[in-house]
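Coordinate inspection notes
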Amino acid sequence: MKRRTLFATAAAFALTLGSAAFAQDVLRIGVEGAYKPFSYKNADGTLAGFDIDIANALCAQMQRKCELVEQEWDGMIPALKAKKFDAIVASMSITEERKRQIDFSDKYYQTPARLVAKKDAGFEGTPEGLAGKRIGVQRGATHQCYAEKMFPGAEIVLYGTQEEVFRDLALGRIDAELSDSLIAQESFLSTPDGADYAFLGGDHLDVECYGEGVGIAVRKGDTELREALNAAITAIREDGTYAKINDTYFPFDIYGARPASN
Amino acid sequence: MTMEQILSYIPLDISLIAANFDRFLYGVWTTLNLTFIALFIGALLAIPMAIARASRHRFWNPIVWGYTYVFRGTPLLVQTYLIYYGFGQFEFIRHSWLWEPVLSSAWWCALIAFTLNTAAYSTELLRGAIIDTPKGEVEAAIATGHSYKARLRRIILPSAFRRAIPAYSNEVIFMLHGSVVASTITLQDILGVGRWLNGRYYLAYEGFITAALLYFLIVLCIASVFRWLERRYLRHLTRRETPATAEITPEPTR
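It should be emphasised that the depicted structure is a prediction, and the values quoted were computed from it without experimental measurement. (Residues numbered from 1 in each chain as written. Chains lettered and ligands numbered in written order. Predicted model: local features only at pLDDT ≥ 70, side-chain atom pairs only at ≥ 80, totals over all residues. Heavy atoms only, no water.)

1. So, the overall build of chain B
Per the secondary structure count, chain B includes 12 helices and 0 strands. In sequence order, the secondary structure elements of chain B are arranged as α-α-α-α-α-α-α-α-α-α-α-α. Taken over the C-alpha atoms alone, chain B extends approximately 70 × 65 × 25 Å along its principal axes. Partitioning the intrachain contacts of chain B with sequence separation of at least 6 by distance along the chain shows that 76% fall at a separation of at least 24. In the structure as shown, chain B presents an accessible area of about 15300 Å², 66% of it carried by carbon and sulfur atoms. Within chain B, the 16 negative side-chain charges are centred at a point lying 13 Å from the centre of the 23 positive side-chain charges. (Helix = DSSP H or I, 4+ residues; strand = E, 2+ residues; numbered from the N terminus. Contact = heavy atoms within 4.5 Å. Areas by Shrake-Rupley, 256 points an atom, 1.4 Å probe, with all protein chains shown as cover. Lys, Arg positive; Asp, Glu negative; His and termini not counted. Charge placed at Lys NZ, Arg CZ, Asp CG, Glu CD.)

Okay, here's the thing in structure tokens:
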């Protein structure tokens, strides 16, 4: 009897210990799921995309069990701070304003922003050309910052997701939209909806709004995780995992390159 | 303690709110015009529909019943999305005369959705008030030779309007709160500006708290207007305070 009690206690103890270690091990990562081709949902509801694959590759590299948590874009940083997850892998640009709230890993890709409008728009992608026009951007994205700074004469229309921006551009409710050039190419211009549309003007690069590339966000002071992520990014760049993921989505290396398609 | 010290204890970026307060005021204007125009048109639509619902009309009663059932049975957000995104999917609507001035504009889409929604609720609310008209009032009207129309106009509707005031104040406040849906279809109403602020400066609470305070202030105003209306128009229905016999003081002679 005594022995059995001892055994049960030991088992219970081991279980507790095991589950505690397990709970600590699970790294929760915030992702968006509405930002094709970086992060989207398949027809069966599973998450897919460049961000998702990178997140999983980093977890494998760090040998940690990960759980992907879906979160709407404009609540991403508040949710990280509220500990709903521990890191954000959601194509988030590293900017000074965001750094006041959170820390970032090194960049894991960098692509320029561009305007998109009707092919025969009849106006130029300059502050003068866009005065009085309606420009759609995703709320809480770096493009909101840049559009309001660069095009003060335009009406900036805010959307919850980038998909809604493209939808209203196709419906003609906005005259132009500003977003990542790669996103615009992959999920709008190359689709039937975007057939009559084209890039308007060249690349928009601006350190104040766009920062220095796209990184993984962690809570302020979470240095251990940040450094583990940095090491993992370097490792997957070197061992070819990054290149393999990159090639399933893009015809060129997006780590620091410009889109070759346009 | 100085003012700055007190402010530093509040974990909010007050200066950002203050710097963008003119945007919030514009948001208040958008919220108010959407809400109150919708309430006004909705109430005008609700009067004939409530009369139809309170009658036993074979044709209009079931039709209005179907309408209120659908609009009260589905969320306002879904109704607004269907009008804003749904109609845009159809080529023939995009090329019709309705598209350019009306359905392509987020403000009009929101107004249509809000109006149809509040009209449905107001209809049922007013129908209840009409049905609850004291029998004696109606019988007295019949006895004095009033036709159905005259009864409605002189007795039933004025009485029903008065008795509907308390319930309608709820509908007004619900509509105000429901109007936040406008911010999901790009409109810069109060919540829209709050979300703009959060998005622009990557904040968590500042925009929401400012928005919440503004909604609260508007509700205070609405509530006091309705208190005044109730005092003025429902006086005859308030229960008279009848103090216990022992405490009755003789009425001064006039």
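Moving on from the model shown.
2. Describing the pattern of salt bridges
Side chains carrying opposite charge are able to pair once their charged atoms draw close together. Residues and elements named next belong to chain A. Going through the model one piece at a time under the given rule, you end up with 20 salt bridges over all chains. Among the salt bridges present, the one from Asp203 reaches Arg114, with a minimum N-O distance of 3.9 Å. Highlighted residues: Asp203 in strand β11 (residues 197-204) and Arg114 in strand β7 (residues 113-118), separated in sequence by 89 residues. Judged by its relative accessible area of 28%, Asp203 falls in the partly exposed class. Across the pair Arg237 and Asp253 runs a salt bridge whose closest N-O atoms are separated by 3.3 Å. With Arg237 in helix α9 (residues 223-238) and Asp253 in the segment after α10 (241-249), this pair connects stretches of sequence that are 16 residues apart. (Salt bridge = Lys/Arg side-chain N within 4 Å of Asp/Glu carboxyl O. Buried < 20%, exposed > 50% of the residue type's maximum accessible area, 1.4 Å probe, protein only.)

3. Remarks on the pairing of strand β1 (residues 27-31) of chain A
All names here are of chain A. By the criterion of burial, β1 is predominantly enclosed, with 4 of the 5 residues buried. In terms of strand pairing, β1 meets strand β4 (residues 66-70) through 5 bridges, oriented parallel. Counterpart to Leu27 in the pairing with β4 is Cys66. (Pairing = 2+ DSSP bridges.)

4. With respect to the sheet that holds β7(A)
Residue and element names in this part refer to chain A. Taken in spatial order, the 5 strands line up as β9-β8-β10-β7-β11 in an open sheet, and their pairing is mixed. In the strand order of this sheet, the two ends are held by β9 (155-159) and β11, each with one partner. On average, each strand axis in the sheet is inclined to that of its neighbour by 30°, with strand direction left out of account. As defined by bridge partners, strand β8 (residues 134-138) adjoins β9 across 5 bridges and the pair is classed as parallel. (Axes fitted to C-alpha atoms, helices over the stretch in contact; angles between N-to-C directions.)

5. Some points on the domain arrangement of chain A
Many structure descriptions define interface size as the accessible area lost when the parts assemble. All names here are of chain A. You can read the domains of chain A as domain 1 (2-110 + 212-249) and domain 2 (113-210). A C-alpha centroid distance of 30 Å is found between domain 1 and domain 2. Each partner contributes residues to the interface: domain 1 has 16 residues there, and domain 2 has 17 residues. Between domain 1 and domain 2, the buried area comes to about 1400 Å², and carbon and sulfur atoms account for 53% of it. By the criterion of area lost to domain 2, the three top residues of domain 1 are Ala34, Tyr35 and Trp73, representing 32% of everything that side buries. (Domains from an automatic or database assignment. Buried area = accessible area lost by both parts, 1.4 Å probe.)

6. So, the interface of chain B and chain A
In this assembly, 23 residues from chain B lie in contact with 23 residues from chain A. Taking both partners together, chain B and chain A bury about 2000 Å²; carbon and sulfur atoms supply 47% of that area. The three residues of chain B that bury the most area against chain A are Tyr85(B), Arg200(B) and Tyr202(B), which together make up 37% of that side's buried surface. Counting every contact that joins chain B to chain A gives 4 salt bridges.

7. Brief notes about the sheet that holds strand β6 (residues 102-109) of chain A
All names here are of chain A. The strand order β4-β1-β5-β12-β6 describes an open sheet built from 5 strands, whose pairing is mixed. At either margin of the open sheet sits one strand with a lone partner, and together these are β4 and β6. The mean inter-strand angle of the sheet, taken between neighbouring strand axes irrespective of direction, is 30°.

8. Digging into a nonpolar patch on the surface
Residue and element names in this part refer to chain B. A surface patch of nonpolar side chains, amounting to about 430 Å² of accessible area, comprises Ile37, Phe40, Ile41, Leu44 and Leu45. Residue position: Ile37 is located in helix α3 (residues 21-54). On the basis of relative accessibility, which here comes to 32%, the residue Ile37 falls in the partly exposed class. (Patch = residues over 30% accessible without salt bridge, like charges linked within 9 Å, V, L, I, M, F, W, Y side chains within 5 Å.)

9. Points about the side chain of Gln138(A)
All names here are of chain A. Here Gln138 lies in strand β8. Here Gly160 takes part through its backbone oxygen, which lies 3.2 Å from a polar atom of the side chain of Gln138. Excluding its chain neighbours within four sequence positions, the residues that come into contact with Gln138 are Glu32, Tyr35, Trp73, Gln144, Tyr159, Gly160, Thr161, Gln162 and Val165. (Polar contact = N/O pair within 3.5 Å; in protein donor to acceptor, adjacent residues only side chain to side chain.)

10. Side note on the state of the cysteines
Residue and element names in this part refer to chain A. The full count for this structure, using the stated rule, is 2 disulfides over all chains. Across a sulfur-sulfur distance of 2.0 Å, Cys145 and Cys209 are joined as a disulfide pair. Note on the Cys145 and Cys209 pair: the S-S dihedral is about -70°, so by sign convention the disulfide is left-handed. Here the residue Cys145 occupies a position in helix α5 (residues 142-150), and Cys209 occupies one in helix α8 (residues 207-210), the gap between them amounting to 64 residues. Residue class for Cys145 comes out buried when judged on its relative accessible area of 3%. (Disulfide = S-S within 2.5 Å.)

11. Some points on the packing of aromatic side chains
Applying the stated criterion to the full structure yields 26 aromatic pairs over all chains. Ring centres 6.3 Å apart and planes at 35° place the aromatic pair Phe21(B) and Phe24(B) in the tilted group. Separated by 3 residues within a single helix, Phe21(B) and Phe24(B) lie in helix α3, roughly one turn from each other. Pairwise contacts between aromatic rings join Tyr35(A), Phe38(A), Phe50(A), Tyr108(A), Tyr109(A), Tyr242(A), Tyr249(A), Phe250(A) and Tyr255(A) into one cluster. Looking at Lys36(A), its charged tip hangs above the ring of Tyr40(A), at a distance of 5.0 Å from the centre. If you follow Arg173(A) out to its NZ or CZ, it ends over the ring of Tyr84(B), 3.6 Å from the centre. (Phe/Tyr/Trp six-rings, centres within 6.5 Å; stacked < 30°, edge-to-face > 60°. Lys NZ or Arg CZ within 6 Å of the ring centre and 35° of its normal.)

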